Structure formats: structure tokens, C-alpha cells
Amino acid sequence: MYIEQAYKGLTDAWRYIVGGIIIFVAWQVIGSLPLLISIGVNVESLADFPNDIPGMVALLGENLFLFLMLLSFAMGLVGVFISFKYLHNLSFTKYTTTRSKIDWKRFWFIFILWGVVSSSFVLIDYFYFTPEDYVWNFKLKPFLILLAIGVILLPLQTSFEEYAFRGYGMHFLGTLFKNRWLPLIITSVTFGLMHILNPEVEQLGYTIMVYYIGTGLFLGIITLMDDGLELALGFHFANNLFTALLVTADWTALQTHSVLKDISDPEKMGLMEIFIPVFVVFPILLFILSKKYKWSNWKDKLFGPVEEPPKEDYKILEE
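In this structure, the second largest pocket spans a volume of roughly 380 Å³. Lining the second largest pocket are 16 residues, and of these Gly-20, Ile-23, Ala-164, Phe-165 and Tyr-168 lie nearest its centre. When residues of the lining of the second largest pocket are traced back to their parent elements, those giving at least two are helix H1 (13-30), helix H7 (140-177) and helix H8 (181-193). Across the lining of the second largest pocket, the residue classes tally to 12 nonpolar, 4 polar and no charged.

Interhelical geometry of H7 versus helix H10 (residues 209-226) gives an angle of 60° and a closest axis separation of 11 Å. Between H7 and H10, the angle is such that the two are oblique. Note on packing geometry: the crossing formed by H7 with H10 is right-handed. Every residue of H10 that contacts H7 at Glu-162, Arg-166 and Met-170 is listed here: Gly-216, Leu-219, Gly-220, Thr-223 and Leu-224. In the contact of H7 with H10, the residues fall into 3 nonpolar, 3 polar and 2 charged.

Across all of its chains, the model carries 9 salt bridges by this definition. Residues Asp-103 and Arg-106 are paired through a salt bridge, measuring 2.7 Å at the closest nitrogen-oxygen approach. The buried category is assigned to Arg-106, whose relative accessible area is 12%. Several salt bridges converge on common partners, so that one network encompasses Arg-99, Asp-103, Arg-106, Asp-226 and Glu-230.

Here the focus is the packing of aromatic side chains. Counted by the stated rule, this structure contains 33 aromatic pairs. Between the aromatic rings of Phe-109 and Tyr-293, the centroid separation amounts to 6.2 Å while the plane-to-plane angle is 90°, which identifies the pairing as edge-to-face. Pair noted here: Phe-109 is in helix H6 (residues 104-129) and Tyr-293 is in helix H12 (residues 271-293), with a separation of 184 residues, a long-range link. Note on Tyr-293: relative accessible area 16%, which makes it buried. By the ring-pair criterion, three or more aromatic residues cluster together here, those being Trp-104, Phe-107, Trp-108, Phe-111, Phe-237 and Phe-242. Residue placement shows Arg-166 over the ring face of Phe-191; its charged tip is 4.4 Å from the ring centre. Here Lys-292 stacks its cationic end above the ring of Phe-109, 4.6 Å away from the centre of that ring.

What follows deals with empty space enclosed by the protein. For the structure shown, the criterion picks out 1 cavity of 30 Å³ or more. Around the largest cavity, the lining residues are Tyr-16, Phe-84, His-88, Leu-90, Tyr-95, Tyr-168 and His-171. When its residues are assigned to classes, the lining of the largest cavity shows 5 nonpolar, 2 polar and no charged.

Rules used in this analysis
Residues numbered from 1 in each chain as written. Predicted model: local features only at pLDDT ≥ 70, side-chain atom pairs only at ≥ 80, totals over all residues. Heavy atoms only, no water. 1 Å grid on protein atoms, 1.4 Å probe; cavity = no way out; pocket = protein on both sides within 12 Å on 5 of 7 lines; lining within 4 Å. Points joined across faces, edges and corners; volume = space filled by probe spheres on them. Helix = DSSP H or I, 4+ residues; strand = E, 2+ residues; numbered from the N terminus. Nonpolar A, V, L, I, M, F, W, Y, C, P; charged D, E, K, R; others polar. Axes fitted to C-alpha atoms, helices over the stretch in contact; angles between N-to-C directions. Parallel < 35°, antiparallel > 145°, perpendicular 65-115°, else oblique. Left-handed = near helix turned anticlockwise from the far one by under 90°. Contact = heavy atoms within 4.5 Å. Salt bridge = Lys/Arg side-chain N within 4 Å of Asp/Glu carboxyl O. Buried < 20%, exposed > 50% of the residue type's maximum accessible area, 1.4 Å probe, protein only. Phe/Tyr/Trp six-rings, centres within 6.5 Å; stacked < 30°, edge-to-face > 60°. Lys NZ or Arg CZ within 6 Å of the ring centre and 35° of its normal.

Here is the structure:
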């Protein structure tokens, strides 16, 4: 099972604490320097320094801001790799999956599935329900730059969040508490809270946290049920990439040169638009995935104990 993969390496609590510090410094300190420096050279004084995402976008432009913002996540991913490789002595494959090799077919299956489904929601709304809420925003040159940034850097951002939360976080909490449900709940809530400073929260209120935490819970469930991160990595990348390319708004964290721009009043967004993905769409996806990959033993995989395997079965890797 996925959490038990941690026992193929070194699981001392101090290693996770030191690793967490390395990850945070790489992500929030080193990774943020290019963005802060770029803003600094474009303002005349500290009083002019923007304190929110719309202000940074107005100063730097959509593509440059996106590029610099995603660099911080790329550095965070480097911190994760350093931690599991050199502190925990785990290979990249064993940190990713319980299978003998990473199953990229799983990654691409859910990437395409969720890309089609999520894009369909937007396009159906644009063409049939509320076309007045959108304006055509497509400009070829900035869109192609956005496409390049999205294809190269967005998977680093989404992979960082998956390897940090569903990977590092679940391994640490699972080996610490010796169960599965606490790592699932804690990493899902923490993942949601990581988005609490997003502009969407200010515009839509804290109810939107149901969506963020619910998404974290969905990603955690598919990781535990599938014994690997492939599905979570594919879903997360598709979600962010297709959103960035297809639709943007002035009040979202991802402000891009997308095809469409949502000009609706964010206060018009109802509870159903937040709750339907979490309580309807995600359960349907779980049903589809469970049938395709023949998941079983849900109770044990989501709520069962985490037990350290016998040393003769799980020898520590020497790499």
C-alpha cells in the first residue's frame, strides 16, 4: 500500500521535520526571489509594492507573473526531491507508486478524462447557458506563450503539491499515527488551507474552501485506493492546465491570456457551483476509476492501520 512505501526508506520523524523545512525554504524563500526581484525593479518605492495578485499581474503582465509564480513551485519540487532522496533514501519511482514502474497510462487516462469533462462544463455554459458572462479573450502570440509556460511549468507546480501533500505529508503522518484516515483528513484540510489567500476566497467567501478541501480529499482518496500518485498527478495537471488555457477572470489566482474571460459578478456564483463538483462530480469520477482499476477493500485502504512490514520483506534501500 502507498503509505507503507515510506518504510522502503528511512522514516525517522526528524527527517520529515528537516525535509519539511527544506521544502518550505526552497518553495517560499528561494523560489519567491525571482518574483520579488522582478517586482522590485519595476516599482519606484516600497509604498508602490503590490500586495495582491491582481496588482502583481497589472505590474508585470499575465505571462511574466505566471512564469515567475510557477518558478517558486518548481523550486519547491526540487526541495521535495532532495528530501525524499537524500533524507529518506527513497527512489523517485518508489516515492511515486507501489508499482514496479510509474504507470503513465493512468496519468494520461485521467488527464484526458478530466480535461474533456472540465472543459465541457465551461464550453456548455459559454455556448448555451450564460454566454453574456464571457468575452472572447484570445490573442495568438500571448496565448502561445501561455501554452508554453503551461506545458513546461504547470506540471511542476501541480507535481509539487501532489508530492508534498499526498506524498511527503501522507508518508510522514501515516508512519507517525499508524493509520490512514488521519493523514487523509489532515493533508486534505492543509491542502485546502494553502489556498486561503487566493483572490477567489476574498470574492466568494470561505464557502469556496469546501471545494478546495473537497478536491484535496478526492486526490487523497484516489492516491490511497490506487496505491500511487499517478492519478492525482494527472488530474491536478489537467485541472490547472485546461483552466489556465480556457478561461480566466480578474478575481482568480490564475490570471492568464486564456481563450475566454469570465466577466460575471463573482457574487452571483451560487452554492451549487461549489458543492456539485465535490458531492456529485467527484463521486462519479471515483465510481468510474474504481470500475476501471478494480478497486476493492475501501475500508482498509482508507481507514485501516499502517503497519511497518517485517524487515526481511521491506529492506531499507541503499542508494
